[in-house]
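Okay, here's what each chain looks like letter by letter:
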Amino acid sequence: RGVKSSTGLTHAAAAAACAPGTLAVAQTPTSAAHAAKLCGRLNAGAKCWLGVQDSVTDGQFLYGEAGHLALVTPWAAGEPNAVGPGCVWTGADGAWRDDSCTASAAVTAAVCELLPPPQLTPIGGATVVHEAGTPYYDQGAYAV
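Here the focus is the overall build of the protein chain. Across its full length, the protein chain holds two helices and twelve strands. Ordering the α and β elements of the protein chain from the N terminus gives β-α-β-α-β-β-β-β-β-β-β-β-β-β. Summed over its atoms, the accessible surface of the protein chain is roughly 6700 Å², and 58% of this surface lies on carbon and sulfur atoms.

Laid out in structure tokens, this is it:
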């Protein structure tokens, strides 16, 4: 997984920035913790989009384009609270929050699933890690 930073991203722009990969879906407690850790490497106050949203049915959060119901949802207190379609972001604390998918001022990064990430520059050491048989880059953050 890699973190890409920008000066404000809508959820769609974050997804496009992850190409050729996708926004991370954080389907397990371990992968959710990894996503938060990588977001925190950007800086302590970073806010990073994830590939989880409720754009089909308000309040029913789904993982990525596959549309599987999100079962791992480490919500912050009072969340989710977006009215209408909401997209999920996390920070270094690992708690999930939702916001309008078109909001860009508050969210400035994305946690991406990239295989492989040759277009990225490593920030710190990068090591291939395997989760459920899928290799991804977890021991370093990446920037465009």
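Quick look at the side chain of His-11 now. With respect to the secondary-structure elements, His-11 resides in helix H1 (residues 11-17). At a separation of 2.8 Å, a polar atom in the side chain of His-11 contacts the main-chain carbonyl oxygen of Leu-50.

Considering the arrangement of structural elements, one finds Val-107 in the loop between strand S7 (96-100) and strand S8 (109-113). With sequence-adjacent residues up to four places away left out, Val-107 is seen in contact with Gly-8, Leu-9, Lys-47, Cys-48, Trp-49 and Trp-89.

Time to look at the state of the cysteines. As enumerated under the stated definition, the model contains three disulfides in all. Residue pairing for Cys-18: its cysteine sulfur links by disulfide to Cys-112, the two sulfurs lying 2.0 Å apart. Measuring handedness by torsion sign, the sulfur bridge of Cys-18 and Cys-112 sits at about -65° and is left-handed. Taken together, the positions of Cys-18 in the loop between H1 and strand S2 (22-23) and Cys-112 in strand S8 put the pair 94 residues apart, joining distant regions of the chain.

Cut-offs applied
- Residues numbered from 1 in each chain as written.
- Predicted model: local features only at pLDDT ≥ 70, side-chain atom pairs only at ≥ 80, totals over all residues.
- Heavy atoms only, no water.
- Helix = DSSP H or I, 4+ residues; strand = E, 2+ residues; numbered from the N terminus.
- Areas by Shrake-Rupley, 256 points an atom, 1.4 Å probe, with all protein chains shown as cover.
- Polar contact = N/O pair within 3.5 Å; in protein donor to acceptor, adjacent residues only side chain to side chain.
- Contact = heavy atoms within 4.5 Å.
- Disulfide = S-S within 2.5 Å.

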